[in-house]
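So you can see what is in the structure, the chains are spelled out below.
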There are 2 protein chains.
Amino acid sequence: MSPRSSRPGSRPATIIDVAEAAGVSRQTVTRAMNDMPGIKEATKERVLAAAKELAYRPSRFGRGLVGHTQRTVGLVVDDLMNPYYPELASAVVSSARERGWNVVLAQTAKAADQYSLIADLAKQADVVVGYPALTDTQAQEVLAGVPFVRIDMGEYTYGGGVQMDVGDAMGDMADHLLERGSRRPVLLDVGLPGFPSARGKSFLAAMAARGVQVPTVSAATKSLSSGVAGANALLEAHPDVDAIMTFNDIVACGALKALHEAGVDVPGQVRLAGCDGLNLGRFVSPELTTLAVDMGAVAEAAVGMALAMYAGEVPLQGARAQVAHHLLVRAST
Amino acid sequence: MSPRSSRPGSRPATIIDVAEAAGVSRQTVTRAMNDMPGIKEATKERVLAAAKELAYRPSRFGRGLVGHTQRTVGLVVDDLMNPYYPELASAVVSSARERGWNVVLAQTAKAADQYSLIADLAKQADVVVGYPALTDTQAQEVLAGVPFVRIDMGEYTYGGGVQMDVGDAMGDMADHLLERGSRRPVLLDVGLPGFPSARGKSFLAAMAARGVQVPTVSAATKSLSSGVAGANALLEAHPDVDAIMTFNDIVACGALKALHEAGVDVPGQVRLAGCDGLNLGRFVSPELTTLAVDMGAVAEAAVGMALAMYAGEVPLQGARAQVAHHLLVRAST
DNA sequence: TTGAAAGCGCTAACAC
DNA sequence: GTGTTAGCGCTTTCAA
């Protein structure tokens, strides 16, 4: 039977309880619990025994209050079920741990109220990093005074930001597809028709610069099912397509499913490329060629920036970092 | 320019600094910061202005110390890059948030020292849940006194546990494959040849009970690449195979890749099934039939149990819960 | 080797 | 409506 459950209803033991039980001062308990020098072995053991007996756990609040040493980064993601976010989260956790920081995780997709979710997070964390589903104005309200780094900030401006611009890499992708022999590439973008995404624009521009006019089909959302539907629409509109550049790897997976269903060989008949460089791209067959971004670098940039803001080495507003994509050729092209 | 960065080197403002700056008592600052009643609007605004000016952020330690209200569950996963863990993490975060708890995340795969990683986590969290890569003995050392629930505990015994036994569902899977016409199914297990996994045994038993003797091939690890290699070995050893039951969805994805490479149609020539019910199974084509487990239920069970242990309603040792798998038929069979 | 005193930042309870 | 007091649990002095 556990000590805790053997004393039902009793409040958690404090350092004083242990001190009394062991017949020593609080300070001696501290010394015993924290492996500090200057305590006789026998005393230490006695204290430890008392602590165990009472199921004593030092309060992290008491501890945190005195030694300002327990630091936490709040990570906001949309939805861990979306294969993109775990890769980011994994990298952020690693970066944070390396610096001795903890990570508390908040997921906006499943939250009733984004606003209060982030507000709560801001109270538990020393800095906030990630993808809050908030406007600049909202973010400013909720996060006033909290070092905040938005990842992939796009048009947002409040706080610090890490940009992942596809930039030059899109040129490499265009070159690659053309070298592979594509003559009639099509862009499978995301969003409303007529409103190309930044990525989409970048691809169109890169192709145009190479003398190729690329038609666009738009999937409704960045989801797998939209990818399927979008690719089907694309095949209908452009039956002679020989390469598809997609908004991201998830949409590309959807497109790959649609192509399989339609009996179209990839990359034999149609070459297919994604964007983001998700590990997911290696689970499908053929493996996805993609414009990859180094998530480790993104996380390092974001965590590093947030911590610098926390340390006051960088202003809370305006810091920017950039991480480049690079062409990752796999089997689908 | 931010208030913080405009006062470089100064320690963070405390409630006292704000009180002095606004010419009020600490208590009034508390009232203003926490939207408490009994404060004149004008005073409140003055206090808030002072707080903003000083970049004041209430210390969560001071707060936590007085109102015992800030609770945290520590979640241990192996590696978020493994598609299994994000699904668990997502569900745990949701379950925890519903109860007003935070989640701090620890990832063992990328940690130099598992032991101290978990030890640290135990200091930051009120309960620990997940997959620590520790023996029972180690767990007991590190987590002494901390409510701890191991998910998928297998042979472990320390602390509480949530079991995900494949049980009856494996019978459904066997029935399903046989109904679909399979006569020469093969098990693609994981681990050392001759040492079938619990899941593997369960499948063999279910098939044996139906009068079918199933040969086994073992993949080295639970990874994608092992799945590919294992499936290739399987095809070589059993060229007439007509159905493959795999250890889990990840291995199944690997097998699917190998089958595609080999020009084997799924499910036309070979039916393929996985286990776990990962969302990943919907990204591949054909989508994977699988023995799914409801991660929401697993998370609920684990978090609920841990919180009950924390509340002293359940002993720290010996609590068990069980979540059943169920057959999820998709296109691969 | 041990203990006593002081204080970390905050809020609940009670005065005024 | 506002201030005062007390105390949350811990560790860092400093003294014995």
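Every chain begins its residue count from 1, and numbering advances along the sequence as written. Whichever chain is written first is A, and whichever ligand is written first is 1; the rest continue in order. Side-chain atom pairs in this predicted model are given and counted only at pLDDT of 80 or more, local residue features only at pLDDT of at least 70, and totals for whole chains, interfaces and linings cover all residues. For the side-chain quantities, the full set of heavy atoms in the structure was used; hydrogens and water were omitted.

Examining the side chain of S182(B)
Residues and elements named next belong to chain B. Our working definition: Secondary structure counts use DSSP, requiring at least four H or I residues in a row for a helix and at least two E residues in a row for a strand, with both numbered from the N terminus. Polar contact is defined as a pair of N or O atoms within 3.5 Å, subject to the rule that within protein one atom must be able to donate a hydrogen and the other to accept it, and that residues adjacent in sequence are counted only when both atoms are side-chain atoms. In this description, contact between two residues means that some pair of their heavy atoms is separated by no more than 4.5 Å.
Within the secondary structure, S182 sits in the loop between α9 (167-179) and β6 (185-190). One polar contact links S182 to D242, side chain to side chain, over a distance of 2.7 Å. Apart from residues lying up to four places away in sequence, S182 is in contact with L177, D242 and A243.

What to know about the sheet that holds strand β12 (residues 325-328) of chain A
Residue and element names in this part refer to chain A. The criterion, for reference: Being paired, for any two strands, means DSSP has found at least two bridges between them. For helices, the fitted axis covers only the stretch in contact; all axes are lines through C-alpha atoms, and the angles between them, taken along N-to-C directions, range from 0 to 180 degrees.
Judged by pairing direction, the sheet is mixed, and its 6 strands sit side by side in the order β7-β6-β8-β9-β10-β12 without closing on themselves. Both edges of this open sheet fall to β7 (216-219) and β12, since each of them pairs with a single strand only. Taking the axes of each pair of neighbouring strands and ignoring which way they run, one obtains an average angle of 20 degrees across the sheet. Of the strands in this sheet, β8 (243-246), β9 (271-276), β10 (289-293) and β12 touch helix α9 (residues 167-179), which is tilted by about 165 degrees from β10.

Some remarks on the relation of the copies chain B and chain A
Counted only if it meets this: Only residues with pLDDT of at least 70 in both copies count here: their C-alpha atoms drive the least-squares fit that superposes the copies.
Between chain B and chain A, the superposition needs a rotation of 180 degrees and an axial shift of 0.0 Å, giving an RMSD of 0.1 Å. Given the turn and translation reported, the copies of this chain are related as if by a two-fold rotation axis.

Focus on the protein's contact with DNA strand D
Spelled out, the test is: By convention in this text, a residue qualifies as near a molecule or strand provided that one of its non-hydrogen atoms is within 4 Å of it. We call Asp, Glu, Lys and Arg charged. Ala, Val, Leu, Ile, Met, Phe, Trp, Tyr, Cys and Pro are nonpolar, and the rest, Gly among them, are polar.
Around DNA strand D there are 27 residues in total, and I15(A), Q27(A), Y56(A), K40(B) and T43(B) lie nearest to it. The contact in question runs from a base nitrogen of DNA strand D to an N or O atom on the backbone of G62(A), over 3.3 Å. Within the backbone of K40(B), an N or O atom sits 2.7 Å from a phosphate oxygen of DNA strand D. For the surface near DNA strand D, the elements supplying multiple residues, two or more each, are α3 (26-33) and α5 (60-66) of chain A together with α3 (26-33) and α5 (60-66) of chain B. Here the residues of the surface near DNA strand D are counted per class, giving 9 nonpolar, 12 polar and 6 charged.

Description of the domain arrangement of chain A
Using the following cut-off: Delimitation of the domains relies on an automatic or database domain assignment.
Domain boundaries in chain A define domain 1 (15-64), domain 2 (72-164 + 295-324) and domain 3 (167-292). In this structure, domain 1 of chain A and domain 2 of chain A have C-alpha centres spaced 38 Å apart.

Some details on the side chain of R150(A)
In this fold, R150(A) is placed in strand β4 (residues 148-151). When near neighbours in sequence (up to four residues on either side) are disregarded, R150(A) contacts G130(A), P132(A), L134(A), T135(A), D136(A), A139(A), Y156(A), G160(A), G161(A) and V162(A).

Description of the confidence of the model for chain A
What counts is decided by this rule: The predictor attaches a confidence to each residue, and that confidence, scored 0 to 100, is pLDDT.
Scored by pLDDT, chain A comes out at a mean of 93, with 97% of its residues at no less than 70. Every residue in residues 1-8 of chain A scores below 50 in pLDDT, and together they form 14 contacts with partners more than four places removed in sequence or on other chains.

A short note on the protein's contact with DNA strand C
Every one of the 27 residues lining DNA strand C counts as a neighbour, but T28(A), K40(A), T43(A), I15(B) and Y56(B) are closest to it. Those atoms of DNA strand C that come within 4 Å of the protein belong to sugar or phosphate at a rate of 65%. S25(A) places a main-chain nitrogen or oxygen 2.9 Å from a phosphate oxygen of DNA strand C. Note that a base nitrogen of DNA strand C is positioned 3.3 Å from one of the side-chain N or O atoms of R26(B). Looking at the surface near DNA strand C, the elements that each hand over two or more residues are α3 and α5 of chain A together with α3 and α5 of chain B. Here the residues of the surface near DNA strand C are counted per class, giving 10 nonpolar, 11 polar and 6 charged.

Notes on the packing of aromatic side chains
For clarity, the threshold we go by: Any two of the Phe, Tyr and Trp rings considered here, Trp counted by its six-membered ring, make a pair once their centres fall within 6.5 Å; the pair's planes then place it as stacked at under 30 degrees, edge-to-face at over 60, or tilted in between. Relative accessible area decides the class of each residue, using a 1.4 Å probe on protein chains only: under 20% of the type maximum gives buried, over 50% gives exposed, and in between gives partly exposed. Geometrically, a charge over a ring is one whose NZ (Lys) or CZ (Arg) sits within 6 Å of the ring centre while staying within 35 degrees of the ring normal.
The final tally for this structure, using the stated rule, is 10 aromatic pairs over all chains. Between Y84(B) and Y85(B), the ring centres sit 5.2 Å apart and the planes meet at 85 degrees, which makes this aromatic pair edge-to-face. Residues Y84(B) and Y85(B) agree in their burial class; the two are buried. Ring-pair connections join several aromatic residues into one group, and the members of that group are Y84(A), Y85(A) and Y131(A). Cation over ring: R199(B) sits above F247(B), and NZ or CZ is 5.0 Å from the ring centre.

Some thoughts on the interface of chain B and chain A
To keep it simple, the criterion reads: Using a 1.4 Å probe, buried area is obtained as the accessible area two parts lose upon being combined, added over both of them. One side-chain nitrogen of Lys or Arg within 4 Å of one carboxyl oxygen of Asp or Glu is enough to make a salt bridge.
If you look at the interface, chain B gives 61 residues, while chain A gives 61 residues. Here chain B packs against chain A, burying approximately 5400 Å² in sum over the two surfaces, 57% of which is carbon and sulfur. Summed over the shared surface of chain B and chain A, the result is 6 salt bridges. The partner of D126(B) in a salt bridge is R60(A), and the shortest N-O contact between them spans 2.9 Å. In this assembly, chain B and chain A are joined by 32 residue pairs in polar contact (both at pLDDT 80 or more). Going through the elements one at a time, α1 (3-6), α5, α6 (84-98), β2 (102-107), α7 (114-124), α12 (249-261) and α13 (295-310) of chain B are the ones with two or more residues in the side of chain B that touches chain A. Here the side of chain B that touches chain A is built from residues that sort into 28 nonpolar, 18 polar and 15 charged.

Digging into the environment of G318(B)
Residue and element names in this part refer to chain B. Within the secondary structure layout, G318 lies in the loop between α13 and β11 (320-322). Relative accessible area serves as the criterion here: at 41%, G318 is assigned to the partly exposed category. Each C-alpha atom of the pair G318 and Y158 lies 7.3 Å from the other, and the pair is 160 residues apart in sequence.

Side note on the pattern of salt bridges
Residue and element names in this part refer to chain A. A complete count under the given rule lists 18 salt bridges over all chains for this structure. Among the salt bridges present, the one from D136 reaches R150, with a minimum N-O distance of 3.9 Å. Here R150 lies in strand β4 and D136 lies in helix α8 (residues 136-143), a separation of 14 residues in the sequence. Comparing D136 with R150, the two get one shared label, buried.

Focus: the pairing of β10(A)
Residues and elements named next belong to chain A. Most of β10 sits inside the fold, with 5 of its 5 residues counted as buried. Neither face of β10 is open: one carries T289, L291 and V293, the other T290 and A292, and all of them are buried. Judged from the 4 bridges that link them, β9 and β10 form a sheet pairing that is parallel. Bridging from a neighbouring strand, A273 pairs with T289 of β10.

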